[in-house]
Amino acid sequence: MSNDAATTATPRTVDAGQPEAPAHGIGASLPPADARAKTEGTFPYAADLWAEGLLWAAILRSPHPHARIGSIDTSAALEMPGVRAVVTHEDIPGDSSYGRRIADRPVFASDLVRHHGEAIAAVAADHPDTARLAAAAIAVEYEVLDPVTDPEKAFAAEPLHPDGNLIRHIPLRYGDPDATGEVIVEGLYRIGRQDPAPIGAEAGLAVPRPDGGVELYAASTDPHTDRDLAAACFGLEPDRVKVVVTGVPGATGDREDPGFQLPLGLLALKTGCPVKLTATREESFLGHAHRHPTLLRYRHHADAEGHLVKVEAQLLLDAGAYADASSESLAAAVAFACGPYVVPHAFIEGWAVRTNNPPSGHVRGEGAMQVCAAYEAQMDKLAGKLGLDPVDLRLRNALATGDILPTGQTVTCPAPVAELLQAVRDFPLPTLPKDTPEAAWLLPGGPEGAGEPGAIRRGVGYALGMVHMLGAEGTDEVSTATVKVHDGVATVICAAVETGQGFSTLARQIVQETLGLEEVHVASVDTDQPPAGPAAHGRHTWVSGGAVERAAKMVRTQLLQPLAHKFGMSTELLQITDGKITSYDGVLSTTVTEAMDGKELWATAQCRPHPTEPLDEAGQGDAFVGMAFCAIRAVVDVDIELGSIRVVEMAVAQDVGRVLNPAQLATRIEAGITQGVGAALTENLRTARGLVRHPDLTGYALPTSLDAPDIRIVKLVEERDVVAPFGAKPASAVPVVTSPAAVASAVRAATGRPINRLPIRAQAAVAVPNS
């Protein structure tokens, strides 16, 4: 990352002629309300919680990826001083399995272990060390079984689960199966297992209630679903379980697994005491879901001028031991398997299968990221075979509004794909590093690297990506919000969880814009509030933001109607600015506080986007509410002798609909690109026959600030989506999807190697000597 980026909060956005942003309301770079608390260390993370009479929990996890359990002996653990309770599958009063989509994952393994790190039992003790020692003292008799770790072999393997090994199969059929092109290119691609790797510890606290219920304090991103799953597990009515959302230290899908919360609640109910768990880094790697490792086979057909004729693909997603979000991830992968290109004929086969590998689930850009890396590699390969410039080839096939996806759905939202690609192509390239000792850190490997400047080759690559917005295939997206105003201060009550995406800031801006009040507070989230749904696919910007806007407009009407009636005018002729109400002709001028005269005004509203439908047996259907697009140009330096890679610059142009908070938007885009660079170069949770190797941050290499490239936001296309509140689109998922493909494209350009695996291994980037 450049020095100026490390020392200033100014977004590195290049787009001249933009008007000056307002001080507050929509379009302002309003800082996050929790920024001060986070920087001062007073932000209430779950790991910091405390309660009187607190007990500590520890979970015993399987050392095997596949085994039959003969017996579980907890007597040694129960005899240890300080141990208050041990729970296994026999102590679950309600549903013994859970799942957000398919309830196939046991809270505790009972007869079979299906992945390394699966929970077997949990212990509550008066000290965390005692709890860990007691968990280790539980004697489990295992009959170790051969694990199924190759997803291709899962089809013929013995069933790993009563539901079988196949979770979903989607055969997409679009156009003429006999169509063929004059030029054909094929490829086989593999995408690794990226972990969300939350920097903040995964933790939770369960507190028993006098009515026999329990309160769960956790960094949940979907508290109402977590409540319902917990209530079913505990054998309680949902109103006797309350989930209170603590500070979420960022989330890219890793906070959606309630597997850390359910054992806590069981222990709290059994002991009658508050119970806390702070997961170790190893437990995090073993316990939560990861990005789906994917195997992709592609064949692209094109005519002699480079127009795509047909795309054929086979996509195989490794779901790990349980289904989780694999059905949804597969739908996105199949639907976007051709990318943001016009393809008249497409035949895609997609499968998601169970294995004994670590569980896969929702991680930002799931499904879409894997196929983007593959179809963009195919576009590079096709350009090379046709002798065309890679950008020109992409422009000839770029999708636009009104075109039809291979799912049969018409693209009705803005789709400025060609405009985005042209913007990054035309942006000036970075200068070459000078061959001086002072600039040695610019070389791959840094100042202590073993490389020689003469072995460095620079490559430039391009990628186009797309994601869907909100839930898909018939998901009922709805959110509820309440806005209250008293004494000139507004309060927003909405169960949309702030995960770092900026919803709390956006909610304040919406109310500021609508009611003209500067002081706006957003209430903390718990399940006593109406549900707002999960924090994924940009849905809170759209659905929860839309609910806040509607509630604020209802309060505005309540405030202005008496004044409008008194002065014989319409409320549309009144405006609220900086806490003052004025009429168009200047006759009326008063403050919001005076107009309210001590009253409290409030309103509750819902937002529900238009419905979608599941893909049918041919992969056809209007499955998505809308889509967002992105173009990225990557510049890399590669040491062709050592295979080390440095990403120099990422130039990005993005379809954002409308900029609601410029600084926040730039931060989201930069964060998404950095996560994508990690997937391209370093992040891969490695396994050996189902065993996770090095489940820590020394064995799993996250990109740091020194690895992050200069990120140049060269264009933000503000073509508003008319069906979305404010016209805005989600910001962070599409750069995650697109950036790994762009980096791979640039490495191909630098080395001449095919680069068909992510993350890119050093040996793949070593240039082959001329024979």
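Located above this text is the structure these notes cover.
Figured I'd write up the structure that's included with this text.

Concerning the environment of Ala-139
You can see Ala-139 is positioned in strand E8 (residues 139–144). A relative accessible area of 38% means that Ala-139 is categorised as partly exposed. Separated by 66 residues in the primary sequence, Ala-139 and Asp-73 place their C-alpha atoms 5.0 Å from one another. Setting aside its immediate chain neighbours within four residues, Ala-139 contacts Ser-71, Ile-72 and Asp-73.

Examining the side chain of Thr-482
Secondary-structure assignment places Thr-482 in strand E19 (residues 479–486). Within polar-contact distance, the side chain of Thr-482 engages the side chain of Thr-604 at 2.7 Å. With sequence-adjacent residues up to four places away left out, Thr-482 is seen in contact with Thr-491, Val-492, Ile-493, Trp-602, Ala-603 and Thr-604.

Observations concerning the pattern of salt bridges
On inspection of all chains with the given rule, the structure shows 36 salt bridges. Note that Asp-163 and Arg-354 form a salt bridge whose closest N and O atoms lie 3.9 Å from each other. Residue Asp-163 is found in the loop between E8 and strand E9 (166–174), and its partner Arg-354 is found in the loop between strand E17 (345–353) and helix H9 (368–386); the two are separated by 191 residues along the sequence. The class of Asp-163 is partly exposed, set by a relative accessible area of 48%. Given a relative accessible area of 2%, Arg-354 falls into the buried group. The network of salt bridges with shared partners includes Glu-376, Asp-380, Arg-394 and Arg-748.

Quick word on the state of the cysteines
Going through the model one piece at a time under the given rule, you end up with 0 disulfides. The closest cysteine sulfur to the non-disulfide-bonded Cys-372 is located on Cys-630, 8.8 Å from its own sulfur. Overall, the relative accessible area of 0% leaves Cys-372 in the buried class. Of the cysteine sulfurs around Cys-413, a residue in no disulfide, the closest is that of Cys-630, at 14 Å.

Describing unusual backbone geometry
Geometrically, the link from Leu-758 to Pro-759 is a cis peptide bond, its omega value of -5 degrees lying close to zero. Here Pro-759 is to be found in the segment after strand E31 (757–758).

Remarks on helix H11 (residues 417–426)
Of the positions making up H11, those classed as buried are Val-417, Leu-420, Leu-421, Ala-423 and Val-424. Down the axis of H11, the sector holding all buried residues measures 155 degrees, keeping them to one side. Looking at the buried side of H11, the elements it contacts are helix H10 (390–397), strand E18 (456–472), strand E26 (624–639), strand E27 (645–655) and strand E30 (710–717).

Some remarks on the nonpolar core
Among the nonpolar cores identified, the biggest contains 111 residues, and Tyr-298, Leu-315 and Val-743 are the most heavily contacted of them. If one sorts the elements of this core by residue count, H9 sits on top with 12 residues.

Remarks on the sheet that holds strand E15 (residues 294–302)
Pairing in this open sheet of 6 strands is mixed, and the strands run E9-E17-E16-E15-E10-E31 from one edge to the other. Every other strand in the sheet has two partners, leaving E9 and E31 as the edge strands with one partner each. Bridge analysis of strand E10 (residues 183–191) against E31 gives 2 bridges, and the strand direction is parallel. Residue Ile-191 lies in a different strand from E31, and its bridge partner there is Leu-758. Set on the sheet, helix H8 (residues 326–335) makes contact with E9, strand E16 (308–318) and E17; between it and E9 the angle comes to about 20 degrees.

What to know about a negative patch on the surface
Residues Glu-613, Asp-616, Glu-617 and Asp-622 make up a contiguous surface patch of negative charge. For Asp-622, the position within the fold is in the loop between strand E25 (601–607) and E26.

Details of the sheet that holds E19
Two strands in a sheet stick together by hydrogen bonds in their backbones, pointing the same way (parallel) or opposite ways (antiparallel). Reading across from one edge, E21-E20-E19-E25 is the order of the 4 strands in this open sheet, with mixed pairing throughout. The sheet is open, and its two borders are formed by strand E21 (520–522) and E25, each paired with just one other strand. With strand direction ignored, the average angle separating the axes of adjacent strands in the sheet is 20 degrees. Note that E19 and E25 share 7 bridges and pair antiparallel. Note on E25: the bridge partner recorded for Thr-482 is Thr-604. In this fold helix H12 (residues 503–515) packs onto E19, strand E20 (489–494) and E21, with an angle of close to 145 degrees to the strand it touches most, E21. Sitting on the sheet, helix H13 (residues 539–567) is in contact with E19, E20 and E25, with an inclination near 145 degrees to E25.

Reading the values: rules and limits
- Residues numbered from 1 in each chain as written.
- Predicted model: local features only at pLDDT ≥ 70, side-chain atom pairs only at ≥ 80, totals over all residues.
- Heavy atoms only, no water.
- Helix = DSSP H or I, 4+ residues; strand = E, 2+ residues; numbered from the N terminus.
- Buried < 20%, exposed > 50% of the residue type's maximum accessible area, 1.4 Å probe, protein only.
- Contact = heavy atoms within 4.5 Å.
- Polar contact = N/O pair within 3.5 Å; in protein donor to acceptor, adjacent residues only side chain to side chain.
- Salt bridge = Lys/Arg side-chain N within 4 Å of Asp/Glu carboxyl O.
- Disulfide = S-S within 2.5 Å.
- Arc of directions from axis to C-beta.
- Core = buried A, V, L, I, M, F, W, Y, C linked by side-chain atoms within 4.5 Å.
- Pairing = 2+ DSSP bridges.
- Axes fitted to C-alpha atoms, helices over the stretch in contact; angles between N-to-C directions.
- Patch = residues over 30% accessible without salt bridge, like charges linked within 9 Å, V, L, I, M, F, W, Y side chains within 5 Å.
- Areas by Shrake-Rupley, 256 points an atom, 1.4 Å probe, with all protein chains shown as cover.
- Lys, Arg positive; Asp, Glu negative; His and termini not counted.
- Charge placed at Lys NZ, Arg CZ, Asp CG, Glu CD.

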